Amino acid sequence: QRDLFHVFQDTWVEQLEKRIRAPRSRVRERRADFLMYEILDICTDNLRVVTRAYTARLNFLDDQFKKDLLYLTEDDKSRWFNEVGILRLQLAVVSRRLRGLQRILRRLSDDPDLTPVLFGYLQDVADHVNESYEDAVHLGEKCTTMIQAYEHAEDRAMDNANLEQQNMQAKQ
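Only a predicted model underlies this, so the values are computations on that prediction, with no experimental measurement involved.

Calculation notes
- Residues numbered from 1 in each chain as written.
- Predicted model: local features only at pLDDT ≥ 70, side-chain atom pairs only at ≥ 80, totals over all residues.
- Heavy atoms only, no water.
- Helix = DSSP H or I, 4+ residues; strand = E, 2+ residues; numbered from the N terminus.
- Buried < 20%, exposed > 50% of the residue type's maximum accessible area, 1.4 Å probe, protein only.
- Contact = heavy atoms within 4.5 Å.
- Areas by Shrake-Rupley, 256 points an atom, 1.4 Å probe, with all protein chains shown as cover.
- Patch = residues over 30% accessible without salt bridge, like charges linked within 9 Å, V, L, I, M, F, W, Y side chains within 5 Å.
- Salt bridge = Lys/Arg side-chain N within 4 Å of Asp/Glu carboxyl O.
- Lys, Arg positive; Asp, Glu negative; His and termini not counted.
- Charge placed at Lys NZ, Arg CZ, Asp CG, Glu CD.

Student: Break down the overall build of the protein for me, with residues and values.
Tutor: Within the protein, the regular secondary structure consists of five helices and zero strands. Counted from the first residue to the last, the protein has its helices and strands arranged as α-α-α-α-α. Expressed as a percentage of its 172 residues, the buried residues of the protein come to 32%. Looking at the protein alone, contacts between residues at least 24 apart form 77% of all its contacts between residues at least 6 apart. For the protein, the exposed surface amounts to about 11700 Å²; the carbon and sulfur share of it is 53%.

This is the structure:
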């Protein structure tokens with residue numbers, strides 16, 4: 001079974017190869033800096049797919065928390081809590097990668113050797129990187145909020161259980 005990393009690793013190479021081999025390919029017709037743009041564009045597109053996948057998964061987990069928390073077993077609750085924690089850590093890595101791309105794009109925009117036409121293309125890529133970065137940061141914050149909500153709900157459940165136990169003891 002292949003993990004997501006290897007799927008993306010192969011697909012970006014395949015996507016680039018497809019763009020190069022296409023009839024009247026701009027990648028073949030233009031300078032090497034356009035090839036660099038294409039690579040950055042494909043990487044950025046793949047990171048946008050990754051952030052969308054995290055969004056979908058967190059929305060699912062958030063819905064599960066809101067609807068089913070009372071009905072989940074302790075093992076299910078523990079898995080939910082652990083998964084949200086792992087997602088938060090993974091999103092921090094995605095955010096760091098996106099910040100790295102932001103730095104690369106800033107340096108490229110300052111490079112006097114790039115063709116003026118490429119600046120427009122790079123701005124489009126920068127917009128997508130910034131959007132993905134903002135999404136990844138927001139999702140990381142959402143993970144933190146979800147974890148806090150879970151802990152608060154668990155504390156309330158414990159308080160209610162303790163209160164019930166005290167009431168039972170008082171009745172005896």
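Student: Describe a positive patch on the surface, and please don't skip the residues or the numbers.
Tutor: Judged by side-chain charge, R96, R97, R99, R103, R106 and R107 come together as a positively charged surface patch. Mapped onto the fold, R103 is located in helix α4 (residues 74-109). Judged by its relative accessible area of 39%, R103 is partly exposed.

Student: Could you give me a rundown of the side chain of S95, with the residues and numbers involved?
Tutor: Along the chain, S95 turns up in helix α4. Assessed through its relative accessible area of 7%, S95 is described here as buried. In contact with S95, other than residues within four places in its own chain, are Y133, A136 and V137.

Student: Can you lay out the pattern of salt bridges for me, pointing to particular residues and giving the numbers?
Tutor: When the charged atoms of two side chains with opposite charge come close together, those side chains can pair. On inspection of all chains with the given rule, the structure shows five salt bridges. Between R48 and E131 there is a salt bridge whose closest N-O contact spans 3.6 Å. Here the residue R48 occupies a position in helix α3 (residues 32-68), and E131 occupies one in helix α5 (residues 116-171), the gap between them amounting to 83 residues. The class of E131 is partly exposed, set by a relative accessible area of 35%. We note a salt bridge from D62 to K66, for which the minimum N-O separation is 3.1 Å. In this pair, D62 and K66 are both assigned in helix α3, four residues apart and thus about one turn of the helix distant. By relative accessible area, which is 61% here, K66 ends up exposed.

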